[in-house]
2 protein chains.
Amino acid sequence: MDNRAKLLEQALHLFAQRGYDAIGVQEIVEQAGVTKPTLYHYFGSKRGLLEALINERLQPLIDRLAHATSHANDVPASLAAIFQLYFDFAQAEPLLYHMQLAMWFSLPDNEAFQIVAVSSAQQQALLESFFVRASSFHGNMRGRQRVYAATLLGTINTYIGLWLSGAIQATPQLIHQAVQQFSYGIYS
Amino acid sequence: MDNRAKLLEQALHLFAQRGYDAIGVQEIVEQAGVTKPTLYHYFGSKRGLLEALINERLQPLIDRLAHATSHANDVPASLAAIFQLYFDFAQAEPLLYHMQLAMWFSLPDNEAFQIVAVSSAQQQALLESFFVRASSFHGNMRGRQRVYAATLLGTINTYIGLWLSGAIQATPQLIHQAVQQFSYGIYS
DNA sequence: CTTTCTCTATACTTATCGGTATAGAGAAAG
DNA sequence: CTTTCTCTATACCGATAAGTATAGAGAAAG
């Protein structure tokens, strides 16, 4: 593994454990076994390091979400696929997802939040466009895309947060229940 | 307003805007118009300042939650009261609630998270005991208190997060819908 | 009128913060 | 053999981090 990958991995571990603001670049380079100029050569700044982490490792989630939200002719099936997609990703990248989750509700002027906000907005936009498409099949959804997208993400993240803390298992029954619970707030 | 109160207020503003880790004590005392020994006289440390903020200003929420969860003979009514209580508190203390919310899903080894975790655990415990009581009326709830308490908080915080960002209004209809949505995942 | 206690300011500590100037090692290209 | 480019280390920058030693101001208590 080259030094760039080592830096990304150690930064993820440290950010996910104690938070972006609480970690200094010195600690990252020590854990990675390199020195500061190496980090600044590859990423330019501490901010650039987090941006690289987010852009590179979170992109698969965005891509799969774009695919899952591209059609809305069977809304319940699409919702189940979206839940499944998030659970799969969180299981494949628990540290990354936990880090993103910690910044989800975070604070507007915080640097880490602003970096993560870009991909958060992408997810929100994809989900909103899904609900716009769905409203051509379910007329009573119209105009509520923002709230639907946000509550869907809220429900997903609540369950993933529970799973990350070990309180629940990610069974097919759980996915089904989560979809049902969310749907009940939608079709009414 | 005395210096102690000034320090608490300015610390809340700064913590809620940029996060605990991103704020230095120097900035707090400057905003409050005092000097560092004053802060250390009243709170002993930066950590003690956040602890005082949480303990003093979040206590009313805990107290009201303890009252609302003390009986469970009418579960839907109690759930509505709990939702209403959280919305009322978030409207009365938006900065404090936003700060707490930002630390909700936060990271285990982070100092700010550990401080807020105490009151989070209190809320979780009160809600769990409510669901234990409720299970004497609804037998199928037994053994699921932890998950119910966590998903209830998740639903509440999703809606409050939406309200804090200005996306929704806190109408009685919204409370009703949120209770319905949560209940649908419970009684099944 | 003096002692005592609470509170606050000046000035300082050591350690760490993010970031960089300089230089050198090593491989690739001519 | 020399030039060029990528990568990394030593040593440093000014600024800021949390926290404190010392002293004094002002009110309360004796």
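Every value quoted in this text rests on a predicted model; they were computed, and no experiment measured them.

A. Representation of the protein's contact with DNA strand D within the structure. Neighbouring residues of DNA strand D: 16 residues in total, closest A:Asn3, A:Thr35, A:Tyr42, B:Val25 and B:Lys36. Counting only atoms of DNA strand D within 4 Å of the protein, the sugar-phosphate share comes to 59%. One of the side-chain N or O atoms of A:Thr38 is found 3.3 Å from a phosphate oxygen in DNA strand D. Counting only elements with at least two residues in the surface near DNA strand D, the list comes to α3 (36-43) of chain A together with α2 (25-32) and α3 (36-43) of chain B. Sort the elements by how many residues they give to the surface near DNA strand D and α3(A) lands first, with 4 residues.

B. Focus on the interface of chain B and chain A. Each side of the interface is counted separately: chain B has 36 residues, and chain A has 36 residues. Surface buried jointly by chain B and chain A totals about 3100 Å² across both partners, of which 66% is contributed by carbon and sulfur atoms. Summed over the three residues of chain B that lose the most area to chain A, namely B:Phe105, B:Leu107 and B:Gln181, the buried surface amounts to 23% of that side. Linking chain B with chain A are 0 salt bridges, by the criterion used here. At the level of elements, α1 (3-18), α7 (94-102), α9 (145-164) and α10 (172-184) of chain B are the ones that each hand at least two residues to the side of chain B that touches chain A. With 11 residues, α9(B) is the single largest residue contributor to the side of chain B that touches chain A.

C. Up close: the relation of the copies chain B and chain A. The operation relating chain B to chain A is a screw motion whose rotation component is 180°, with 0.0 Å of axial translation and a residual RMSD of 0.0 Å. Within this description, the copies of the chain are treated as partners about a two-fold rotation axis. Closest approach to the rotation axis among the C-alpha atoms of chain B is made by B:Asp21, whose C-alpha sits 2.8 Å away. A high fraction, 100%, of the interface residues of chain B reappear at the interface in chain A, so the copies pair face to face through one surface.

D. Structural view of the UniProt feature "DNA-binding region" (unreviewed entry) in chain A. Cross-referencing UniProt, the feature "DNA-binding region" (unreviewed entry) maps to residues 24-43 of chain A in the present numbering. Counted over residues 24-43 of chain A, helix gives 80% and strand 0%. Its end C-alpha atoms are 15 Å apart.

Analysis parameters
Residues numbered from 1 in each chain as written. Chains lettered and ligands numbered in written order. Predicted model: local features only at pLDDT ≥ 70, side-chain atom pairs only at ≥ 80, totals over all residues. Heavy atoms only, no water. Near = heavy atom within 4 Å. Polar contact = N/O pair within 3.5 Å; in protein donor to acceptor, adjacent residues only side chain to side chain. Helix = DSSP H or I, 4+ residues; strand = E, 2+ residues; numbered from the N terminus. Contact = heavy atoms within 4.5 Å. Buried area = accessible area lost by both parts, 1.4 Å probe. Salt bridge = Lys/Arg side-chain N within 4 Å of Asp/Glu carboxyl O. Least-squares fit on C-alpha atoms with pLDDT ≥ 70 in both. UniProt positions renumbered as here; feature names shortened; annotations may be inferred.

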